[in-house]
Every structure is written in structure tokens, then in C-alpha cells.
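Below, each chain spelled out in residue letters.
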Amino acid sequence: MRVTGKCLLCIVLVAGFGAAQSVRPEGTLRQLAGRRGLLIGAAVNVHYLSEAAYTRTLAREFNMAEPEDAMKWAALRPCENCFDFTDADTIVNFARLHDMKVRGHNLLWHSYNPDWLMQGHFTSKQLSHLLQDHISHVAGHYRGKVFAWDVVNEAFDENGKLRNSIWYNQPGISRPLESQNTFFIEQAFRWAHAADPQALLFYNDSEAEEINPHSDAIYAMALDFKTRGVPLDGIGMQMHFLRGAPNYDSIAKNIKRLTSLGLQIHITEMDVALPVDAAGRVLHVNDLQWQANVYRHIAEICLANSGCTALQTWGVADKYSWVGWATHHTKGAALLFDKNYQPKPAYKAIKNALLHTAYGH
Ligand code: XIL
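We now turn to the structure provided with this report.

Cut-offs and rules
Residues numbered from 1 in each chain as written. Predicted model: local features only at pLDDT ≥ 70, side-chain atom pairs only at ≥ 80, totals over all residues. Heavy atoms only, no water. Helix = DSSP H or I, 4+ residues; strand = E, 2+ residues; numbered from the N terminus. Rg over C-alpha atoms; globule rule 2.2 N^0.38 Å. Buried < 20%, exposed > 50% of the residue type's maximum accessible area, 1.4 Å probe, protein only. Contact = heavy atoms within 4.5 Å. Areas by Shrake-Rupley, 256 points an atom, 1.4 Å probe, with all protein chains shown as cover. Lys, Arg positive; Asp, Glu negative; His and termini not counted. Charge placed at Lys NZ, Arg CZ, Asp CG, Glu CD. Pairing = 2+ DSSP bridges. Salt bridge = Lys/Arg side-chain N within 4 Å of Asp/Glu carboxyl O.

### Some remarks on the overall build of the chain
Logical step 1: Across its full length, the chain carries 13 helices and 11 strands.
Logical step 2: Taken over C-alpha atoms, the radius of gyration comes to 21 Å for the chain, in line with the 21 Å a tight globule of 361 residues would show.
Logical step 3: Reported as C-alpha extents along the three principal axes, the dimensions of the chain are approximately 75 × 50 × 40 Å.
Logical step 4: Counting over 361 residues, the chain shows a buried share of 55%.
Logical step 5: Restricting the contact set of the chain to residue pairs at least 6 apart, pairs at least 24 apart contribute 76%.
Logical step 6: Working note: accessible area of the chain is about 16,000 Å², and carbon and sulfur atoms make up 54% of it.
Logical step 7: Each charge sign in the chain was given a centre, from 34 positive and 35 negative side chains, and these centres are 6 Å apart.

Now the structure itself:
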């Protein structure tokens, strides 16, 4: 290959740009988090791993990764009797290569399920077998590679009632007598524990960060599980802030009551949505500072409680985020890096929290 003088200059510039980006006097996010014993993660989409800026930012700034979709039923189970681990394995291998821990997401959810499962008219007994087989197979495949699983995702609604699902009550995996309670959740945790006794097992949910009927139901289940020895290790708090700032005191109290049960807290899917124009540009400049404050508050709350062991954002940079889709493209710009992978005020805010927040006890 002939390298022209012009092209050579390009290469030098690109290399220099990369180097300048990586030299931050106070250290990268993962370096600072590592010193505090905190896992700092990002949801990863396999489609973007071919983009150099994406992978560079991911590996440089985060010490934990979670497949955004690749471990969900619809991705792993194209048909009843087959598994396709290709995309999930690609993410796991990337993470391991870059010394990042992997969170698994998820083994049971009412959403993102394949059509053959949803429209298969399976009996309770058949569903029970399918679920047990799925959990054993998937958690077994990733034994020793996935350190923590979201075993069950979003089983309760905002009123604290169990949501309708094939696993719970339509028809549900359990006998009728047991189907009106958390038996199916307990069962999933027991199967996951049998498949990988070392993995930390989490219940993950959204809009249950503050004290409210939703988080009360999760707390009641957690207390029951801990009392009866069901293998539950932690609660995942999604923290998708799509509609303004949360009540920080209430979040801290909720984290405290859960960690008092001996549970870990992982902040699993954080993003802080801002109003954007059709091109995805932030409408008000001050919003970036407001957003930074939200991130900083949450990081401080997590750091102040030693049971809060991970903080993860739902994506790497604003270029790719589910928020646009979730808000009909009225909001976006919700992550720590902008569309060009440049750090935003929120990035600096989390670093400040890591540098200055006192240790939790
Ligand atoms: C979202 C993904 O970001 C999208 O790519 C996908 O189309 C739908 O799921 N709560 C969860 C995540 O637990 O799995 C969801 O992820 C966002 C809400």
C-alpha cells in the first residue's frame, strides 16, 4: 500500500487525537471508579463494536459491560430447540479482552420474547420446562464469565402488582394455587443458582428507585426471599430518568432499606433524558449542567452506601441510545458522551463524585 504524505499526516493526527483523548490528568472514569471499588458499566450493542470510537470509549472508560439486547430471549432463542450465542459471545469476549466484568441481562422478562414462545400456546408445565431449560442452558453457558445476572426483569407494575405475563399468570409456570404470588420469580432464582452457584443474582426493575408502591412490593419480596433463603443477591435499579429529576432522599432511603437486608444495589440502566430537536441536539445549553447534577447526585448516593456496588449507563454515547425511541424522539442526549464521543458535563460530574464523595459505611 502506498501511503501519501497527506495520508501519513492523517494517520499521525488520528493517532494523536486518540492519545490526547486518553490522557486525562485525573484518570479515566474506570480508573477512578476502580480506586473506589465501584463498577462503572455501559450497555453494549453488538452492532456498534465495529466502530472504533465506540470500542475505544467503551474500553477506556468502563470496567463493566452488559449486552443491551443480545442476551434476551428473542436474541438467544430464534427457535424452540436452538440457541444462538453469537452476538452475546462477541460482547462477552470483547469485555473479557478489555478486563471488564459482564452483567447478564436477562433470563425472564415479559418483553422481547420470540414469537414462537409468545404464540406457542404452551401449557404451564411446558413453559416451566422451557424456562428451566433456558436458564440452565444460558447461565451454564456463561458460568464463570457473567458475574451477575438480572434473573428477572420488571415483574411488578407501578402499583406493586405483578404484571400479566406468560411466566406469571398467562398461563404462568406454576400451579394455580401458587400462581398469584412470586413463586415464578423464586423458581427462576433457584434455577439460576443451580446453573451457576457463583453468579450474583439480581431482581431488576424500573421506576422503583424511590420509595413508592412499586419499590414497596420489591422490598416485601426481597425480605421474604432473604428470610426463606431464596438465592437473591441484589436489586437492580434501572434509573431511566426520562421525565425530570428524581427525589434523591427517597432513593437513598430505598437503597438503605434494601442494603440493610444484606443485598447489593446495582444501578443498571441509567440515563437522563433532555429535550432535543429533530437532529437530536440539546435544546437548552443549561440542561447539560442540570443533567450533570442528576448524575452527580446519583453517583454520590451510590458511593455513600457501600452496598451500592455498580453504576451503569444504558449505552456508551448519545449517538446510540434507546431514549429517542422511548420518547418518540422528543428527548435524547441522555448519556455521558455526546454523539462525537466527547465527554459531557455529566462525565465530569461523575468523576467529581468519585474524587470527592466520602466512603460509604
Ligand atoms: C431496551 C433496549 O435498549 C432496546 O434496544 C430494545 O429495543 C428494547 O429494550 N428496560 C430494560 C431494558 O430492562 O432491557 C430495555 O432495553 C430498556 C428498559
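### Focus on the pairing of strand E8 (residues 264-272)
Logical step 1: With 8 of 9 residues buried, E8 lies mostly within the body of the structure.
Logical step 2: Pairing analysis gives 4 bridges linking strand E6 (residues 234-237) to E8, with the strands arranged parallel. When the sheet's bridge partners are listed, isoleucine 235 is paired in E8 with isoleucine 265.
Logical step 3: Of the strand pairs in this sheet, strand E7 (residues 240-241) and E8 are connected by 2 bridges, and their pairing is parallel. The residue bridging phenylalanine 241 from the neighbouring strand is valine 272, located in E8.
Logical step 4: Here E8 runs beside strand E10 (residues 308-313); their pairing, made up of 4 bridges, is parallel. Considered in E10, the bridge of methionine 270 is made with threonine 313.

### A short note on the pairing of strand E4 (residues 146-153)
Logical step 1: Counting buried residues in E4 gives 8 out of 8 residues, a clear majority hidden from the surface.
Logical step 2: Across 5 bridges, strand E3 (residues 101-108) lies against E4 in parallel orientation. Bridging across to E4, valine 102 finds its partner in valine 146.
Logical step 3: As judged from the 5 bridges shared by E4 and strand E5 (residues 200-205), these two strands associate in the parallel manner.

### Some words on the pattern of salt bridges
Logical step 1: Taken as a whole and judged by the stated rule, the model has 15 salt bridges.
Logical step 2: Lysine 319 is paired through a salt bridge with glutamate 51; the nearest N and O atoms lie 2.9 Å apart. Pair noted here: lysine 319 is in the loop between E10 and helix H12 (323-326) and glutamate 51 is in the loop between strand E1 (39-44) and helix H3 (52-61), with a separation of 268 residues, a long-range link.
Logical step 3: Residue classification places lysine 319 among the partly exposed positions, given a relative accessible area of 38%.
Logical step 4: Across the pair glutamate 207 and arginine 243 runs a salt bridge whose closest N-O atoms are separated by 2.6 Å. Of this pair, glutamate 207 sits in the loop between E5 and helix H9 (213-228) while arginine 243 is found in the loop between E7 and helix H10 (248-259), placing the two residues 36 residues apart along the sequence.
Logical step 5: For arginine 243, a relative accessible area of 66% translates into the label exposed.
Logical step 6: Through salt bridges that share partners, Glu186, Arg190, Asp224 and Arg228 make up one connected network.

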